[in-house]
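Residue-level structure breakdown
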Amino acid sequence: MPRNPRLKAVDTEAWYHLCAHAATKHGEFPLARPAVRHKLLQIIKRYAEIYFCEIAVLEIMGNHYHNIIRFDEPRPLSKDELMERALALYPKKKKVIECWPEKKWKRLQERLFDVSEFMRNVQGSFATWYNRTFGRKGHFWGDRFKSALLGGPESVLNAALYVELNAVRAGLVECPEDYEGGTLYLREAGRDKWLLPLSVILHDEQLSEQELHTRFKQLCYYRGAVITKLGQKAIPEDVIRREKARGFKKRGAYRKRMRCFTDGLVL
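All residue numbers here refer to positions counted from 1 along the written sequence of the relevant chain. Given that the model is predicted, a residue must reach a pLDDT of at least 70 before its local features are reported, and side-chain atom pairs must reach 80 or more before they are shown or counted; all residues, however, enter totals for whole chains, interfaces and linings. Hydrogens and waters are ignored; side-chain quantities use all the structure's heavy atoms.

Observations regarding the overall build of the protein chain
Put simply, DSSP H or I for four residues or longer makes a helix, DSSP E for two residues or longer makes a strand, and each gets a number counted from the N terminus. Within the protein chain, the secondary structure is distributed over twelve helices and four strands. Over its C-alpha trace the protein chain gives a radius of gyration of 20 Å, about what one expects of a compact globule, namely 18 Å for 267 residues. Projected onto the principal axes, the alpha-carbon positions of the protein chain cover approximately 65 × 50 × 45 Å. Under the counting rule used here, the positive set is Lys and Arg, the negative set is Asp and Glu, and His together with the chain ends is not counted. The atom standing in for a charge is NZ when the residue is Lys, CZ when it is Arg, CG when it is Asp and CD when it is Glu. In the protein chain, 48 positive and 33 negative side-chain charges are present, and the distance between their average locations comes to 8 Å. Computation of the radius of gyration draws on C-alpha atoms alone. For the globule rule, the value is 2.2 Å times the number of residues to the power 0.38.

See the structure below:
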């Protein structure tokens, strides 16, 4: 039976909620290793810099990951822009690229604004790395990735909060910013310069960067306090009261106990 075609925006800016699951047996969590999560994050970041898109929210769980991504409105690209992106995609094939026929350049123009092509590169690159690194054979990813076209600011914000709370809902952490596989962790630690600004997600250009972070974090906490389906975990009330007393401010990069600080070593 043929697959249904993906719903994609045409000739306009587009927001997507993407989700991809690994092909695993029950109880297997190949993405749970910090080094593996970091590699997937690196690959997503690399291709986001090549394609005309930006990552808003990302959460890498043990056997799947979620991604909220915004694609630019398609526009004609100059030959220099296309060459730059082609060399980024294929860094060792400059001589081959220089001989491309016109139809290849036209195809690249279309690819760079296409969410399916972006995911094909991400999924393929990561699967190749994982199988080579861990001596694994066969498909890494299960069925094709899921994609939902988000219709407006409210749906984007709701999807962003949903993704940021995945680790909380699974009972891995009580506070969403404590999960190292999520973008709230990166924003809290000041490692978010490559991410889409919160002003875009919150649809508010008036607030300062700190105010935006506080507002988004507050929304995550209040949404995370409510259980929406059976089996979900929620952020405990005492944790919310504690964070409310702090004003939901950033806790910075050093949120975990580090031996080099607590054991009195000299750096």
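There's more to say after this.
A look at the confidence of the model for the protein chain
Low pLDDT marks regions whose predicted coordinates should not be analysed in detail. What pLDDT reports is the predictor's confidence in each residue, on a scale of 0 through 100. When the pLDDT values of the protein chain are averaged, the result is 92; 93% of them are 70 or greater. Note on contacts: a residue pair is in contact if any heavy atoms of the two residues lie within 4.5 Å. Segment residues 256–267: pLDDT under 50, and nine contacts once partners within four positions in sequence are set aside and those in other chains are kept.

Here's the deal with the pattern of salt bridges
Any Lys or Arg side-chain nitrogen found within 4 Å of a carboxyl oxygen on Asp or Glu counts as a salt bridge. Evaluation of the coordinates by the stated rule reveals 17 salt bridges. Close ionic contact of K8 with D114 constitutes a salt bridge, the shortest N to O distance being 2.9 Å. Taken as a pair, K8 in the segment before β1 (14–21) and D114 in the loop between α4 (102–111) and α5 (115–134) lie far apart in primary sequence, 106 residues in all. Salt-bridge contacts for R187 lead to D192; the nearest nitrogen and oxygen are separated by 3.9 Å. Exposure class is identical for R187 and D192. Each is buried. Think of it in three bands: with a 1.4 Å probe and only protein chains considered, a residue is buried below 20% of the maximum accessible area for its type, exposed above 50%, and partly exposed in between.

Overview of the packing of helix α1 (residues 34–50) against helix α2 (residues 79–89)
In contact at an axis separation of 9 Å, α1 and α2 are set at 160 degrees when each is read in the N-to-C sense. Relative to α2, the element α1 is oriented roughly antiparallel. Our pair here, α1 against α2, has a crossing hand that is left-handed. Across from R46, Y47, E49 and I50 in α1, the residues of α2 making contact are R85, A88 and L89. When grouped by side-chain class, the residues that make up the contact of α1 with α2 number four nonpolar, no polar and three charged. Comment: axis = line fitted to C-alpha atoms, over the contacting stretch for helices; angle = value between 0 and 180 degrees taken between N-to-C directions. We call two directions roughly parallel when the angle between them is under 35 degrees, roughly antiparallel when it is over 145, roughly perpendicular when it lies between 65 and 115, and oblique otherwise. If you view the pair so one helix is near and one far, a crossing is left-handed when the near helix is turned anticlockwise from the far one by less than a right angle, and right-handed when it is turned clockwise. For this classification, Asp, Glu, Lys and Arg are treated as charged, while Ala, Val, Leu, Ile, Met, Phe, Trp, Tyr, Cys and Pro are nonpolar and the rest, including Gly, are polar.

A look at the environment of P34
On the secondary structure map, P34 appears in helix α1. The class of P34 is exposed, set by a relative accessible area of 56%. Considered as a pair, P34 and E180 are 146 residues apart in the sequence and their alpha carbons are 8.2 Å apart.

Regarding the pairing of β1
Judged by how many residues are buried, β1 sits mostly within the fold: seven of eight residues are covered. We call two strands paired when DSSP finds no fewer than two bridges between them. Relative to strand β3 (residues 64–71), β1 runs antiparallel, the two sharing eight bridges. Residue Y16 lies in a different strand from β3, and its bridge partner there is I69. Examined bridge by bridge, β1 and strand β4 (residues 146–150) share five bridges and lie antiparallel to one another. By the bridge assignment for β4, C19 is matched with K146.

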